[in-house]
Amino acid sequence: MKAPEQYDHSKPSSNSSVPSPSMQQSNKSPNIPAGTPTITQNHKRTAQADKKPFQWQFLAPKYWGIWLLFLIMLPMMYLPLRWQFWLGRQLGRLIYNAAGSRRRDTLINLKLAFPEKPEAERELMAKQVFVNQGIGVFETLCAWFRPNVFTRTVSISGLQHLVNAQNEQRPVILLGAHYTMLDLGGLLSAQFFPVDCMYRTQNNSLLDWFIYNGRTNIFGKQISSRDMRSLVTSIKAGHVIWYSPDQDYGLKQGVMAPFFGVPAATITASRRMAKMGNKATPPAVMALHTYRQTPDSLPRGKRPHYHLTITPELDNYPSHDEVADATRVNETLEGLIRIDPTQWMWFHRRFKHGPNGRTDIYK
């Protein structure tokens, strides 16, 4: 029996039509057979991106807090994964209790998305979101710098959809979401296909330098959301490009579309991306779900297990109706997120814009 203070994320939402892959996962992970290729040996990429150079301004006092955090966290990634998971749980609980505004935003989002659930259950969900994100910090660090600890920990379904599109010489726009195991999902995907990614530059220059350089160990190419030339180049080259349309960037380049039954500003860039490239072999648009099936309390002697799901291509996409297209994208992502809602980053202000501008629901 699970402790009452832990949200039971093994149970999918009652509104979910997608079965939980955890039902298919054995309690015991097999030993790694001798000669099994490591993550590094099996890694696929389109290119090896150059790292951003170090800047002396990073030594300024305003960055000392980040350097201290790096010095504390980086050595911990060499601990056994079971210990890292334990530390991640403690980190998540600490942040939940300390970060009042993020906790409040999470609870507001969950109330909007799951009004049918009792308040006490939504609070348990919110706590588990932070626990999963705490673990995700260590999963990300290992994905960047110690990837081989994840050897033989991943399974995938729906890969044929991507392979079929690639066999037709079509690029693939892979719609992702901000799951707590964000960059680890990219690393595990690269076990099956090379992938480029779209990203937004971080406001903090040192943090951006650190994240970008870490991701060069995962992705073949990182494309800034403002660098349309590089995006077109990757599409014309037939690459797989990961893009996340699940955050609120307002309505300058988006429309209002329901997300978990709530009107949400939804960016429509994926429609424009789907129109790029060769008209004879247009990009195929599908979605990627990344999911940690293992409980956050990793049993002694066990390895974590992760499952990737690729959906079929969105047919007749884009259509002539951008609201209908945005609704389809949101419905697709919502169905995947419902497999375990606590592995999605609910602390983002997903519903901060309404049809008439910014809302006051987070005040």
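Cut-off values and rules
Residues numbered from 1 in each chain as written. Predicted model: local features only at pLDDT ≥ 70, side-chain atom pairs only at ≥ 80, totals over all residues. Heavy atoms only, no water. Core = buried A, V, L, I, M, F, W, Y, C linked by side-chain atoms within 4.5 Å. Buried < 20%, exposed > 50% of the residue type's maximum accessible area, 1.4 Å probe, protein only. Helix = DSSP H or I, 4+ residues; strand = E, 2+ residues; numbered from the N terminus. Contact = heavy atoms within 4.5 Å. Axes fitted to C-alpha atoms, helices over the stretch in contact; angles between N-to-C directions. Parallel < 35°, antiparallel > 145°, perpendicular 65-115°, else oblique. Left-handed = near helix turned anticlockwise from the far one by under 90°. Nonpolar A, V, L, I, M, F, W, Y, C, P; charged D, E, K, R; others polar. Pairing = 2+ DSSP bridges. Phe/Tyr/Trp six-rings, centres within 6.5 Å; stacked < 30°, edge-to-face > 60°. Lys NZ or Arg CZ within 6 Å of the ring centre and 35° of its normal. Expected span 1.5 Å × (residues − 1). Salt bridge = Lys/Arg side-chain N within 4 Å of Asp/Glu carboxyl O. Polar contact = N/O pair within 3.5 Å; in protein donor to acceptor, adjacent residues only side chain to side chain.

A. Seen up close, the nonpolar core. Counting residues in hydrophobic clusters, the biggest one holds 44 residues, and the most contacted among them are Phe150, Leu162, Leu174, Leu184, Leu188 and Met286. The greatest single-element share of this core, amounting to 7 residues, is contributed by helix 5 (residues 119-145). Once residues within four sequence positions are removed from consideration, Met286 is found in contact with His161, Leu162, Ala165, Val172, Ile173, Leu174, Leu175, Ile310, Thr311, Pro312 and Glu313. Ile223, Ala269, Ala274 and Phe347 belong to the second largest nonpolar core, which has 42 residues in total.

B. View of the packing of helix 4 (residues 100-113) against helix 5. Axis separation between helix 4 and helix 5 bottoms out at 9 Å; the angle between their running directions is 130 degrees. Between helix 4 and helix 5, the interaxial angle falls into the category oblique. Our pair here, helix 4 against helix 5, has a crossing hand that is right-handed. Residues Arg102, Arg103, Thr106, Leu107, Leu110 and Lys111 of helix 4 form the contact with helix 5, whose participating residues are Arg122, Glu123, Met125, Ala126 and Phe130. Its residues assigned to classes, the contact of helix 4 with helix 5 comprises 5 nonpolar, 1 polar and 5 charged.

C. Just the pairing of strand 5 (residues 240-243), in detail. In strand 5, alternate side chains face the same way, and those of Val240 and Trp242 on one face and Ile241 and Tyr243 on the other are all buried. Sheet topology places strand 2 (residues 172-175) next to strand 5; 4 bridges connect them, and they run parallel. By the bridge assignment, Leu175 is partnered in strand 5 with Tyr243. The pairing of strand 3 (residues 196-199) with strand 5 spans 2 bridges and is parallel. By the bridge assignment for strand 5, Cys197 is matched with Trp242.

D. The arrangement of the packing of aromatic side chains in detail. Under the criterion given, the structure shown has 23 aromatic pairs. Each member of the aromatic cluster is reached from another via a ring pair, and the members are Phe54, Trp56, Phe58, Tyr63, Trp67, Phe70, Trp144, Phe145, Trp209 and Phe210. Above the face of the Tyr212 ring, Lys52 is positioned so that its terminal group lies 4.7 Å from the ring centre. For the cation-ring pair, Arg103 lies above Tyr96, with the distance from its terminal atom to the ring centre recorded as 5.6 Å.

E. Up close: helix 5. If you check helix 5, its first and last C-alpha atoms are 39 Å apart, about what 27 residues at 1.5 Å a residue would give, namely 39 Å. Counting buried residues in helix 5 gives 19 out of 27 residues, a clear majority hidden from the surface.

F. Region of interest: the pattern of salt bridges. Under the definition given, this model contains 12 salt bridges. One salt bridge connects Glu121 with Lys117, and the closest N-O pair in it is separated by 3.3 Å. A salt bridge links Glu313 to Arg170; the shortest N-O distance between them is 2.8 Å. Of this pair, Glu313 sits in the loop between strand 9 (306-310) and helix 11 (322-337) while Arg170 sits in the loop between helix 6 (159-167) and strand 2, and the two are 143 residues apart along the sequence. The network of salt bridges with shared partners includes Glu168, Arg170 and Glu313.

G. Just the environment of Asp105, in detail. The topology assignment puts Asp105 in helix 4. Look at Asp105 and you get buried, because its relative accessible area is 4%. Aside from chain neighbours lying at most four places away, what touches Asp105 is Trp346, Phe347, Arg349 and Tyr362. Among the polar contacts made by the side chain of Asp105, one reaches the side chain of Arg349 at a distance of 3.0 Å.

H. Spatial organisation of the side chain of Asp208. You can see Asp208 is positioned in helix 8 (residues 205-215). Residue Asp208 is classed as buried on the basis of its relative accessible area of 7%. For Asp208, the contacting residues outside a window of four places in its chain are Lys52, Tyr199, Thr201 and Gln202.

I. Looking closely at the sheet that holds strand 1 (residues 154-157). Reading across from one edge, 1-9-8-2-5-3-4 is the order of the 7 strands in this open sheet, with mixed pairing throughout. The open sheet is flanked by strand 1 and strand 4 (222-224), the only strands paired with a single partner. Looking at each pair of strands side by side, their axes are set apart by 25 degrees on average, direction ignored. Relative to strand 8 (residues 284-292), strand 2 runs parallel, the two sharing 4 bridges. Bridging across to strand 8, Leu174 finds its partner in Met286. Packed on one face of the sheet, helix 11 meets strand 2 and strand 8 and runs near 20 degrees to strand 8.

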